[in-house]
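Residues per chain are reported as follows:
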Amino acid sequence: MLSERRLKVLRAIVQDYVGTEEPVGSKALTERHHLGVSPATVRNDMAVLEEEGFIAQPHTSAGRIPTDKGYRLFVDRLAGVKPLSSAERRAIQNFLDGAVDLDDVVARTVRLLAQLTRQVAVVQYPSLTRSTVRHVELLPLAPARVMLVLITDTGRVEQRLVDCPAPVGETALADLRARLNSRVVGRRFTDVPQLVQDLPEAFEQDDRGTVSTVLAVLLETLVEDTEERLVIGGTANLTRFGHDFPLTIRPVLEALEEQVVLLKLLGEATDSGMTVRIGHEIAHEGLNSTSVVAVGYGSGDEAVAKLGVVGPTRMDYPGTMGAVRAVARYVGQILAES
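Going by the annotation in an unreviewed UniProt entry, the name recorded for the protein chain is Heat-inducible transcription repressor HrcA, with Streptomyces luteireticuli given as the source organism. According to the UniProt record, the Function (unreviewed entry) comment for the protein chain reads "Negative regulator of class I heat shock genes (grpE-dnaK-dnaJ and groELS operons). Prevents heat-shock induction of these operons." Quoted verbatim from the Sequence similarities (unreviewed entry) field of UniProt, the annotation for the protein chain is "Belongs to the HrcA family."

## Let's talk about the side chain of Arg-72
Within the secondary structure, Arg-72 sits in helix H4 (residues 68–78). By relative accessible area, which is 19% here, Arg-72 ends up buried.

## Re the sheet that holds strand E4 (residues 133–142)
Hydrogen bonds along the backbone pair up the strands of a sheet, which may run parallel or antiparallel. In spatial order, the strands read E4-E5-E6; together these three strands make up an open sheet with antiparallel pairing. Among the strands making up the open sheet, the edge pair consists of E4 and strand E6 (157–163). The mean inter-strand angle of the sheet, taken between neighbouring strand axes irrespective of direction, is 20 degrees. Direction of pairing for E4 relative to strand E5 (residues 145–152): antiparallel, over a ladder of eight bridges. Its bridge partner lying in E5, Val-136 is registered against Leu-150. Contacts between helix H7 (residues 170–184) and the sheet are confined to E4 and E5, with E4 contributing the most and set at about 165 degrees to the helix. Sitting on the sheet, helix H9 (residues 205–223) is in contact with E4, E5 and E6, with an inclination near 145 degrees to E6.

## Looking at the nonpolar core
In terms of nonpolar packing, the biggest core is built from 58 residues, with Leu-29, Tyr-297, Leu-307 and Tyr-317 touching the most fellow members. By size, the runner-up hydrophobic cluster in this structure holds 25 residues, among which are Val-136, Leu-176, Val-192 and Val-211.

## Description of unusual backbone geometry
At Glu-21, a residue that is not glycine, the phi angle is positive and equals roughly 65 degrees. By the element assignment, Glu-21 lies in the loop between helix H1 (4–20) and helix H2 (26–32). A positive phi angle is found at Arg-118, which is not glycine, with a value near 55 degrees. The topology assignment puts Arg-118 in the loop between helix H6 (102–117) and strand E3 (120–124). A residue is classified by how much of its surface remains accessible, and Arg-118, at 46% relative accessible area, is partly exposed.

## Details of a nonpolar patch on the surface
There is a patch of nonpolar side chains on the surface, built from Leu-139, Leu-141 and Leu-161 and spanning about 260 Å² of accessible area. Note on placement: Leu-141 falls in strand E4.

## Regarding the packing of helix H5 (residues 86–97) against helix H12 (residues 317–337)
Between H5 and H12, whose axes approach to 10 Å, the crossing angle comes to 40 degrees. Taken as axis vectors, H5 and H12 run oblique relative to one another. At the point where H5 passes H12, the crossing takes the right-handed sense. For the pair H5 and H12, contact is made by Arg-89, Ile-92, Gln-93, Leu-96 and Asp-97 and by Ala-326, Val-327, Tyr-330, Val-331 and Ile-334, respectively. Looking at the contact of H5 with H12 residue by residue, the class counts come to seven nonpolar, one polar and two charged.

## Overview of the packing of H1 against H4
In the contact formed by H1 and H4, the axes pass within 10 Å of each other and the chain directions differ by 110 degrees. Relative to H4, H1 is oriented roughly perpendicular. Remark: the crossing between H1 and H4 carries left-handed chirality. In contact with Leu-7, Leu-10, Arg-11, Val-14, Tyr-17 and Val-18 of H1, H4 contributes Gly-70, Tyr-71, Leu-73, Phe-74, Arg-77 and Leu-78. In terms of residue class, the contact of H1 with H4 is made up of nine nonpolar, one polar and two charged.

Conventions adopted
Residues numbered from 1 in each chain as written. Predicted model: local features only at pLDDT ≥ 70, side-chain atom pairs only at ≥ 80, totals over all residues. Heavy atoms only, no water. UniProt positions renumbered as here; feature names shortened; annotations may be inferred. Helix = DSSP H or I, 4+ residues; strand = E, 2+ residues; numbered from the N terminus. Buried < 20%, exposed > 50% of the residue type's maximum accessible area, 1.4 Å probe, protein only. Pairing = 2+ DSSP bridges. Axes fitted to C-alpha atoms, helices over the stretch in contact; angles between N-to-C directions. Contact = heavy atoms within 4.5 Å. Core = buried A, V, L, I, M, F, W, Y, C linked by side-chain atoms within 4.5 Å. Patch = residues over 30% accessible without salt bridge, like charges linked within 9 Å, V, L, I, M, F, W, Y side chains within 5 Å. Areas by Shrake-Rupley, 256 points an atom, 1.4 Å probe, with all protein chains shown as cover. Salt bridge = Lys/Arg side-chain N within 4 Å of Asp/Glu carboxyl O. Parallel < 35°, antiparallel > 145°, perpendicular 65-115°, else oblique. Left-handed = near helix turned anticlockwise from the far one by under 90°. Nonpolar A, V, L, I, M, F, W, Y, C, P; charged D, E, K, R; others polar.

Written as structure tokens, this is what we have:
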């Protein structure tokens, strides 16, 4: 275990390196921070931190920089989450309140996160498997063609065309709409198949084919793998950190293009708590020089999706964690009110 004093030295090294982008020497540390000990003691503490793998000497310069292990200890024990100012909170609320629908909420969230953190922002669309049905609408388009509109509790709207086996009248359609909604509104998507399985039997023989066709399209919509939807923004922010990537930024950009990689990263975030993955803790080789800060968001206690940022390991962790948490909270409020 590191002593309290050495933890203070490590915290000072991380803060200085993140702030200045320069390797940190013992002289600078004692000048900038009130560590209450001599430069010689700080040098000795830095030697211990280096021996234990928390800091490293990048090249022949006298300074030291934090390692992945050093950042991990900083995040777990030293960082804390930096709260946003009231002006920043108001700006977030005003910006997100202007959203007109779910697509707009997601698009604005990505832009906002990228601007606040100056990193790459990643936002997953609310998962259908965790959603509940708000309403099912059936609109006649032609004698035997119907538009099915599924609206979720998170404001997500899915539309499907249904070609019915026979013409369907306005009265029959209104009856189906009413009976369908009475069974599924407010229920989890995963419960719907069981709730509607005997619905065709409630109709006249002539209408059962149409009812079964509409239900088949509804159930297909529910099970489609629509969780694979992600929006990413702020990739250009990475170009400001060219020297933070050992050889080239290219592997990072290539990894960010792989949706499966990003979904896996976000999937590692717990529903409620903040998840921080640093450097080599990330399984994908292209992202070994980055860190990921992610959290779940939702309209109640349960997260319906995840959002987060990807940036260099030399990241302002307290500020980034504060911004990610605040944005997730506001998006959750908007979904709850929508």
